[in-house]
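Topology and contacts: notes
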Amino acid sequence: MILFASLLFLLHCDLIPSFLCPSLFSYLIAHNLNPLHFCSDWLINICRRKKELKARTVWLGCPEKCEEKYPKNAIKNQKYNVFTFIPGVLYEQFKFFLNLYFLVVSCSQFVPALKIGYLYTYWAPLGFVLTVTVVREAVDEFRRYKRDKEMNSQLYSKLTNQRIPSDMVFLRTSEKTGSCFIRTDQLDGETDWKLKVAVSCTQRLPALGDLFSINAYVYAQKPQLDIHSFEGTFTREDSDPTVHESLSIENTLWASTVVASGTVIGVVIYTGKETRSVMNTSNPKNKVGLLDLELNQLTKALFLALVALSVVMVTLQGFVGPWYRNLFRFLLLFSYIIPISLRVNLDMGKAAYGWMIMKDDNIPGTVVRTSTIPEELGRLVYLLTDKTGTLTQNEMVFKRLHLGTVSYGTDTMDEIQSHIINSYSQNSGNSTSSTPSRKPQLSAPKVRKSVSSRIHEAVKAIALCHNVTPVYESRAGVSGETEYAEVDQDFSDENRTYQASSPDEVALVQWTESVGLTLVNRDLTSMQLKTPGGHILTYYILQIFPFTSESKRMGIIVRVILGVFWVLCGNMAREGLRTLVVAKKSLTEEQYQDFESRYNQAKLSIHDRNLKVAAVVESLEREMELLCLTGVEDQLQADVRPTLEMLRNAGIKIWMLTGDKLETATCIAKSSHLVSRTQDVHIFRPVTTRGEAHLELNAFRRKHDCALVVSGDSLEVCLKYYEHEFVELACQCPAVVCCRCSPTQKAHIVKLLQHHTGKRTCAIGDGGNDVSMIQAADCGIGIEGKEGKQASLAADFSITQFKHIGRLLMVHGRNSYKRSAALGQFVMHRGLIISTMQAVFSSVFYFASVPLYQGFLMVGYATIYTMFPVFSLVLDQDVKPEMALLYPELYKDLTKGRSLSFKTFLIWVLISIYQGGILMYGALLLFESEFVHVVAISFTALILTELLMVALTIRTWHWLMVVAEFLSLGCYVASLAFLNEYFDVAFITTVTFLWKVSAITVVSCLPLYIIKYLKRKFSPPSYSKLTS
């Protein structure tokens, strides 16, 4: 055990001689790697050999034909197993210098020649720390095990409104259209519903059971990260001729998505860790706060001081006798320079901060899931936030209709409704079908239309140009035995809901319904609208051109005198609305037939297909008639704007990372005031090559004080060739928006900021696609919302609303950091002062390696005599919560780390040396006859000095602090009657004892009180000016 601990200790301190392995150590030094961490990572990598990912062939209903073995379809969030739990937890503890040092010291007490005191004085504190840690980790691990077991025990046969458990190819659906909608909120962060199409070969089968009787297989490419692409084929061999059907992303159902309509049947192609959702989720890491790392560095400095002091003592002895044994005994005597109670107090403090956060009535529902990093909330420089569900509610509301000369808002929508009612009441005698005559009068003279007719055409265009499908819920009690059973459906308005791949489109259709024109039915070839009078208008769909980020528009051709209605995207930046420009064009039958032939020919092209199709479609855009502009608002979460402003004033730089479209992301950035109205926005042009990235970066470099908007594809290219330059430029921007980001890209951006800036990062999100980002950040915050609890459960802190992050950082982050900094330095002061007294004592008595205080005095000093007042520092606060929220600029000082630095540490060292010297020399100067009086005078003065120093450190008194002071003093006074072994009871009851203790205590503390008073008077801290 001692050999093992010593080896670990030497590895940690980089003290293994390099000649043992010159090449290895040269490599480690060159790459700034710690040998201990390098060895452990090497062993972990050996144990985790990755299996090569391969393409696979999956036979329908014939699993015995599959020769390869694939991962089990199970979720595993546990960090350890039965065999690795104890070694893993111990490694995580002993990689900290503080704990490793005390392990070596405690083990040394088994050597008789090195034994200083009782074993329990060393092993009891260390055992307590390890026990608390192991129990805490065991509880957390058991909770993760229970959550995993609950998820993995779910059984599936048909997927109806459930999360899909694995990656599948979509074979069959109960929907007669052969397609269905799915929700991908937990995969890409978008709550828009996506249309998926079943494999046509299996959808056409007469019965469900035929799936198991045909001889068919699916060939799928090897698993990969990209959630937006898939290549595969479906082959049926028992038909004549053999059927080969190409499979793409529209034929897939990825794990963690939800079937929103109908019943789905699919064949599983990827399971477990090979699914897209798992591959885009990073493994959770054990997060260590910056304060802990800083304290770890300070303990190393204390260790060097300890070694130096011990060497000095042995040198002054003259290296007589077995000097190396004396050296080690001095190391043990002064070991209280590095207090084991530091870890105990900090861990208990962290638990207290977590309890205070969860009990704060101003942020109800907040949960602390990682209790080891509350101080990180007070050190953040970068906040990376999701958009959908985090900044916005993802609820679209129609706000404005603009006809060029007249504009309608939410308060004048009733006028539009009356125009629509009048328009259709005048045409009520016409046929209820819109199947038309085929000779439109395209050459009619242009006459200025009335407002009523313009509104009528605009509303009809909005009601037709979309990808929305109305859905009606089946009545309860319908038997599900037959797949396509005719079920009774309620076609009333109250039972109708809309499905679409964009919430904007749903908002538009809901608005047309509110003004009188209702979408009541739609399939792949037609749609039906209901007029205010109840008439049904049928329109036949000829072509649909979906929205793409390249074209930035969506279009549809319907047969209504062969009209074509187009939607083009614009931007109402000042109002923060998502805008659409609506236009139409009428075609003759000949014009349409000419377009259709060119369009079909372009779609069959092998080379440059997308460019050729786009060119043909763009030929229809000329000479269109502008109908209207619409404005839709994506409602923000409550108090998003003031919260973002508060965070900016606090010096926190905010980056928005979203999987949504560039236009939508830019619009939300402006409406949420992430980008101010007067601020320029630089939209990074799409780049695919190194040259293009270089030119665009140069163009961006010439901009000053402007927000950056960049897409995930362009970001990938820039990071590939110009990582350092891009991050350097982006970090200078007041705000950055990254759109079309995959979950892996989000996590990569977090790691880039950590690596290039060295600053602390925080990630906040609410969906499963945010989990990787949350786990990669120094501090992860999850919002429990509409997109489920996946982000909330994976986060370090869980909140219910985005606005709560303001109080979480400004108040609790500030208090946690300030309190832990004060607590940590005071505990070190407590160890330094008694070590100084030991050094003075040994120097006076001929450098003897004999302890000044033994047994219970040392244990009591670190526990019941001083523990309560010192720990009461977790209740201290320098600024009231109201003041911290009113002046968020105070947060900037926290990020500079001035509360705990080598400067403040050196001040506490000087205080400890001064007080330790005064206490020891004073006791030696004033004692008269017996040595036991030295112990009584110095130890009592020491206890009183510690209690007074706590009072000096406190900035805002709490009644529990007063109780702690008097409780500790009472415990010490009461225990004097039982300490006959250490004190002369007759002496400590005399007046002489009291005045000597009082005099020494006053000399040790009074100068510090005077200095504190003068400092506050002539150089007060910034927050004190505000409070006054």
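Structure shown above.
Figured I'd write up the structure that's included with this text. These numbers come from a predicted model, not from an experiment. (Residues numbered from 1 in each chain as written. Predicted model: local features only at pLDDT ≥ 70, side-chain atom pairs only at ≥ 80, totals over all residues. Heavy atoms only, no water.)

A few words on the overall build of the chain. Counting secondary structure elements, the chain contains 36 helices and 30 strands. Per-residue burial over the chain gives 51% buried out of 1028 residues. Across the chain, every contact between residues at least 6 apart in sequence was considered, and the portion connecting residues at least 24 apart equals 74%. Accessible surface computed for the chain: about 48500 Å², of which carbon and sulfur atoms make up 59%. (Helix = DSSP H or I, 4+ residues; strand = E, 2+ residues; numbered from the N terminus. Buried < 20%, exposed > 50% of the residue type's maximum accessible area, 1.4 Å probe, protein only. Contact = heavy atoms within 4.5 Å. Areas by Shrake-Rupley, 256 points an atom, 1.4 Å probe, with all protein chains shown as cover.)

Counting buried residues along strand S24 (residues 653-657), four of its five residues qualify, which places the element largely inside the surrounding structure. Here strand S12 (residues 380-385) pairs with S24 via four bridges, running parallel. Within S24, the residue paired with Leu383 across the bridge is Ile654. Across four bridges, the pairing between S24 and strand S27 (residues 735-739) is parallel. Bridged to Met656 within S27 is Val737. (Pairing = 2+ DSSP bridges.)

Next up on the list: the sheet that holds strand S6 (residues 232-236). If you trace the four strands from one edge of the open sheet to the other, you get S1-S5-S6-S7, paired in antiparallel fashion. Edge strands, defined here as strands with exactly one partner in the open sheet, are strand S1 (56-59) and strand S7 (243-247). Between one strand and the next, the sheet's axes are offset by a mean angle of 20°, whatever the strand orientation. Where S6 lies against S7, five bridges are found, and the strand directions are antiparallel. Along S7, the bridge assignment pairs Phe234 with Glu245. (Axes fitted to C-alpha atoms, helices over the stretch in contact; angles between N-to-C directions.)

A separate point is the sheet that holds strand S30 (residues 797-799). With mixed pairing, nine strands are arranged side by side in an open sheet as S11-S30-S29-S28-S12-S24-S27-S26-S25. Either end of the sheet is taken by a strand with one partner, and the two such strands are strand S11 (367-368) and strand S25 (680-683).

Quick look at helix H15 (residues 503-514) now. If you check H15, its first and last C-alpha atoms are 16 Å apart, about what twelve residues at 1.5 Å a residue would give, namely 16 Å. Within H15, nine of the twelve residues are buried, which leaves it mostly tucked inside the rest of the structure. Along H15, the residues that are buried comprise Pro503, Asp504, Glu505, Val506, Ala507, Leu508, Val509, Trp511 and Thr512. Positive backbone phi, approximately 120°, marks Gly516, located one or two places after H15. (Expected span 1.5 Å × (residues − 1).)

With that settled, the discussion passes to the pattern of salt bridges. Within the structure shown, the criterion is met by 23 salt bridges. The residue Asp770 makes a salt bridge to Lys746 at a minimum N-O spacing of 2.8 Å. Linking Asp770 in the loop between strand S28 (760-765) and helix H24 (771-776) with Lys746 in helix H23 (residues 743-757), this pair joins segments that are 24 residues apart in sequence. The buried category is assigned to Asp770, whose relative accessible area is 0%. (Salt bridge = Lys/Arg side-chain N within 4 Å of Asp/Glu carboxyl O.)

Once that is clear, we can look at the packing of aromatic side chains. The tally for this structure, following the rule as stated, stands at 26 aromatic pairs. Pairing Phe330 with Phe334 gives two aromatic rings, centres 5.9 Å apart and planes at 20°, and the pair type is stacked. Each member of the pair, Phe330 as well as Phe334, is classed as buried. A ring pair is formed by Tyr382 and Trp655, whose centres lie 6.3 Å apart and whose planes are at 90°; its orientation type is edge-to-face. With Tyr382 in strand S12 and Trp655 in strand S24, this residue pair connects regions lying 273 residues apart in the sequence. By the burial criterion, Tyr382 is buried, and Trp655 matches it. (Phe/Tyr/Trp six-rings, centres within 6.5 Å; stacked < 30°, edge-to-face > 60°.)

Here we come to the side chain of Ser711. Relative to the assigned elements, Ser711 resides in strand S26 (residues 706-711). A distance of 3.2 Å separates a polar atom in the side chain of Ser711 from a polar atom in the side chain of Ser714. (Polar contact = N/O pair within 3.5 Å; in protein donor to acceptor, adjacent residues only side chain to side chain.)

Inspection of the secondary structure puts Thr757 in helix H23. Between the C-alpha atoms of Thr757 and Val381, which are 376 residues apart in sequence, the distance is 9.8 Å. Beyond its immediate chain neighbours, meaning those up to four positions away, Thr757 contacts Tyr382, Cys731 and Leu752. Reaching out from Thr757, the side chain makes a polar contact with the backbone oxygen of Leu753 at a distance of 2.4 Å.

In terms of residue burial, strand S22 (residues 578-586) counts as a mostly covered element, since eight of its nine residues are buried. Across seven bridges, S22 lies against strand S23 (residues 625-636) in antiparallel orientation. If you follow Lys584 over to S23, its bridge partner there is Glu625.

This part takes up the environment of Lys818. Tracing the backbone shows Lys818 in helix H26 (residues 804-844). Owing to a relative accessible area of 16%, Lys818 belongs among the buried residues under this scheme. Sequence separation between Lys818 and Gly897 is 79 residues; the distance between their C-alpha atoms is 9.7 Å. Residue contacts for Lys818: discarding those within four places in its chain leaves Asp878, Leu894, Ser899 and Arg955. At 3.4 Å, the side chain of Lys818 and the side chain of Ser899 are in polar contact.

One finds Ile338, Ile781, Phe797, Ile805, Leu808 and Leu809 to be the most contacted residues of the largest nonpolar core, which totals 101 residues. For this core, the element with the highest residue contribution is H26, accounting for twelve residues. If sequence neighbours within four positions are ignored, Phe797 has contacts with Ile357, Val367, Val368, Thr370, Ile373, Pro374, Leu377, Cys779, Gly780, Ile781, Gly782 and Leu808. Within the second largest apolar cluster, 41 residues are counted, among which are Leu403, Val506, Leu508 and Leu580. (Core = buried A, V, L, I, M, F, W, Y, C linked by side-chain atoms within 4.5 Å.)

This part takes up the packing of helix H18 (residues 640-649) against H26. Axis separation between H18 and H26 bottoms out at 9 Å; the angle between their running directions is 25°. On the basis of the axis angle, H18 is roughly parallel to H26. Both H18 and H26 take part in a crossing whose hand is left-handed. Between H18 and H26, the contacting residues are Thr643, Met646 and Leu647 on the first element and Ile805, Gly806, Leu809 and Met810 on the second. Of the residues contributing to the contact of H18 with H26, the split by class is five nonpolar, two polar and no charged. (Parallel < 35°, antiparallel > 145°, perpendicular 65-115°, else oblique. Left-handed = near helix turned anticlockwise from the far one by under 90°. Nonpolar A, V, L, I, M, F, W, Y, C, P; charged D, E, K, R; others polar.)

Everything listed here is a matter of geometry and, on its own, says nothing about what the molecule does.
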